[in-house]
Amino acid sequence: MTDPEDIIEVEEALEPELDEVLPDSADLPDTMPILPLKNTVIFPHLLAPLLVNTERSKALIDAVMSGTQRYMLAVAVKAPVDGSPSQDELHRTGTVLRVAKMLRFPDDSYRLLVQGVARARVDAFTQDDPFFSGTLTPLADEGEGESVEAQALARDVRDQFVSLVSESSQLSDELQVLAMNLEEPSRLADLVASNLELDISAKQVFLEELDVVDRLRKARDELLRAGEASRLESEIREHVQTEMGRSQREYMLRQQLDHIRRELGEAEDEEAEVETFRQKIDAAGMPEEALAQAERELERLEQTPPAAAEHGVIRSYLEWMTDLPWSTTSEDHLVVSDARAILDEDHYGLEKVKDRIVEYIAVLSLKKDLRGPILCFVGPPGTGKTSLGLSIARALGRKFDRISLGGVRDEAEIRGHRRTYIGSLPGRIVQGLRKAGTRNPVFMLDELDKVGNDYRGDPSSALLEVLDPEQNGAFSDHYLEVPFDLSQVLFIATANVQDTIHPALRDRMEVIELPGYTEEDKLEIARRFLLPRQMRENGIADIALEIPEPTLRTIIASYTREAGVRNLEREIGAVCRKLARRVAEDGAPDGGFKISREDLAEFLGPIKVEPDLAERAGQPGVAVGLAWTPVGGDILFVESTQMPGKGVLKLTGSLGDVMRESAEAARTWLRAHATELGIATDLFEKQDIHVHVPQGAVPKDGPSAGVAMVTALASLLTGRAPAPDVAMTGEITLRGKVLPVGGIKEKVLAAKRAGIKKVVLPEANRRDVEEIQVELVSGLEFEYVGRIDEALGHILSLNV
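For clarity, every value in this text was computed on a predicted model and none was experimentally measured. (Residues numbered from 1 in each chain as written. Predicted model: local features only at pLDDT ≥ 70, side-chain atom pairs only at ≥ 80, totals over all residues. Heavy atoms only, no water.)

S.K.: Please set out the nonpolar core residue by residue, giving values where relevant.
M.R.: Within the largest apolar cluster, 52 residues are counted, with the highest numbers of intra-cluster contacts made by Phe377, Ile392 and Leu545. A total of seven residues in this core trace back to one element, the largest contributor, which is helix α18 (residues 519-537). Of all hydrophobic cores here, the second largest spans 48 residues; its members include Ile374, Val378, Tyr479 and Leu486. (Core = buried A, V, L, I, M, F, W, Y, C linked by side-chain atoms within 4.5 Å. Buried < 20%, exposed > 50% of the residue type's maximum accessible area, 1.4 Å probe, protein only. Helix = DSSP H or I, 4+ residues; strand = E, 2+ residues; numbered from the N terminus.)

S.K.: Tell me about the pattern of salt bridges, and name the residues and values.
M.R.: Overall, the coordinates contain 42 salt bridges when judged by the stated rule. Linking arginine 527 and glutamate 524 is a salt bridge whose minimum nitrogen-to-oxygen distance equals 3.5 Å. With arginine 527 and glutamate 524 both in helix α18, this residue pair falls three residues apart, about one helical turn. Two residues, arginine 553 and glutamate 549, come together in a salt bridge whose shortest N-O distance is 2.8 Å. In this pair, arginine 553 and glutamate 549 are both assigned in helix α19 (residues 549-558), four residues apart and thus about one turn of the helix distant. With relative accessibility at 22%, the residue arginine 553 sits in the partly exposed group. Glutamate 549 sits in the partly exposed class, given a relative accessible area of 31%. Within the structure, one salt-bridge network assembled from shared partners comprises Glu524, Arg527, Arg528, Glu549 and Arg553. (Salt bridge = Lys/Arg side-chain N within 4 Å of Asp/Glu carboxyl O.)

S.K.: For the layout of surface pockets, give the residues involved together with the corresponding values.
M.R.: Here the largest pocket is characterised by a volume of approximately 930 Å³. Around the largest pocket, the lining comprises 39 residues; the ones closest to its centre are Leu37, Thr40, Ile42, Pro49 and Leu50. Elements with a minimum of two residues in the lining of the largest pocket: β1 (31-37), β2 (47-52), α2 (55-66), α4 (174-180) and α5 (185-195). In terms of residue count, the dominant contributor to the lining of the largest pocket is β2 (six residues). Taken together, the residues of the lining of the largest pocket sort by class into 23 nonpolar, eleven polar and five charged. (1 Å grid on protein atoms, 1.4 Å probe; cavity = no way out; pocket = protein on both sides within 12 Å on 5 of 7 lines; lining within 4 Å. Points joined across faces, edges and corners; volume = space filled by probe spheres on them. Nonpolar A, V, L, I, M, F, W, Y, C, P; charged D, E, K, R; others polar.)

S.K.: Tell me about helix α27 (residues 744-753), and please be specific about residues and values.
M.R.: Residues lying three or four places apart along an α-helix face the same way, a consequence of the helix completing one turn every 3.6 residues. Buried residues dominate α27, accounting for seven of its ten residues. For α27, every residue scored as buried is listed here: Ile744, Glu746, Lys747, Val748, Leu749, Ala750 and Ala751. Looking one or two residues past α27, glycine 755 carries a phi angle of roughly 90°, positive in sign.

S.K.: So what's going on with empty space enclosed by the protein? Residues and values would help.
M.R.: Summed over the entire model, instances satisfying the criterion amount to one cavity of 30 Å³ or more. The calculated volume of the largest cavity comes to roughly 40 Å³. Sorting the residues of the lining of the largest cavity by element identifies β3 (71-76), β4 (93-104) and α6 (200-208) as the ones contributing at least two each.

Function cannot be inferred from these measures alone, as they are strictly geometric.
Structural data, given as structure tokens:
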């Protein structure tokens, strides 16, 4: 081991004169030691540090340092090898080095500072041990190094290298000064090659290239590639630094936020929230697919920072999943007699509906896994369809929820929105189930006939899955993305008309028609339900109030004309409000209040519905027809008159094409049978006939006014007036047949409300009348006809 003090002395003694002129190639010895270099190539005229720690290399250095010139030839190893390389594993072209400085270190290694002198080629190896030695031939530069091309290339290479050094953080700025002061193109090319990030083989190519111009070209090409790589690296570094800066800023902010939240105790709240969700998921009783989805989302919630936007979305989803009644059911009350009593307590009449619900309860008591029926109540407004659903839920002991579909145009209202949308929610079906809290509620879909559709989808099509007993066992909401079982839900839909309901949807439901109420029905409903309710709502429930039957009948007949009881309740409410005002101002009389028919003008004003049947009917040329409307049945008057003219038939009253054709057919039939009816045959050519149906602002159409048309014209032309209390309906043909029509129940009830005593109907509609409860048609006389002449015989006593 060399003493540290000796090292210092050696360093001082071996301090080189670096500025001295290098020897000419001709002055170099022909034979010198050869030093293999495994990981570098050293170029002429350049300084380079070397670490020597192998025995062979140290023996070589000792031999070099023992001489006076200190020269050796450094050649690169062709490929990485273990141990000492052989002669065949060495390149033949290398660089003659002069050792400028050597230091021995305590670890027995040598640190050298060497300077390239010249290129040289190994001619032959003269020694292998203890180190390589051989004969060599110095190599001089070739080509026109002083040419204009060489000078131009040198300037280009110098500029690019200086620019690269200024942009690179890995190259020393001193290289700029060195490059700018190098005049020789050969040395400039070597300087560039030694400082570029090239592999050993690429640097060896530079070393073996003796033509200065070609070497400069190679240097220029490598500089272009290095410059492009440097620019890309700079861009990537700037991007990374920007991202890292942002990430570091976010990290610091999150750390600060976490610290603040820990100080506030909110970190524990987050962990508690995750645990609460886990407990809710375990207690929800979800099916396997829903459970797997909920657990996946809970894992995402744990990994998502609370400040992230996705955290709130996942949290809302888990709240919906855990709040739904996956396994919660309400116990059904299956006593048939109790259910019937509740239905009778809440509603008067509606026997067909009550029977169907009682049947369902009876079957459910025998078959516990019965699928819920899909019922659809169709009837005029105010007949109790919506309130009936609540009554059914009370009779079954189930929860009740209602959604109104009137004006709904977006399919997402039924199926929900996908979670990719901001503010997305499940559809109304799932929302209703969450609100009800059980998986077997009574679910009312109100105003089903008023569902619309547009570019956002068709809600009716989405309801096909909901209202199909074969499909709703696995209803898929877009928000939940897992199936939910709706088979235990009792769906009840309501509608005023069936025509506007999607045909496929109508086919999936059991339609139950609710007819309008007769005067007797309204009287009972007013006594049992409407009057007590209005007294409670207006604060006079504790005050004695008597509204006798004649008074109620007057309100029904003279202040309302409707199939339901909505307006009737409003009129009774108006009476109660005025009584409440009297009580508030003057106090309640000792004997309470008794409202007579004469008092109604004071409470409700003048009569709103004039009984004009006797005045308008019973005249030649006027017949009473029956019509069906979405709000129930109604009567209509067909008026006709004649005047001198040319046989023109004029029709007014907002009549549709079908109704106009009925009038044409009626005139044609009468003209064909004019002789049998005692009508002058030339009357149809000399007289114009005008047929008018009053209430011209209301559009009217349909074939059912055919019998009324022919009766009005026959009455006009024969001068015979039909009885004022006779109404009729039916379609006619040119052959004189009377065809069946629809809406018989509504039309018959409308006739009874209007005070009609006799109704003429097509023979084929007899079965429709037989389905009507007897008490609803009591007091009416029915005549069934199959031909026009039979109808005229009953109405005008004409024999054809």
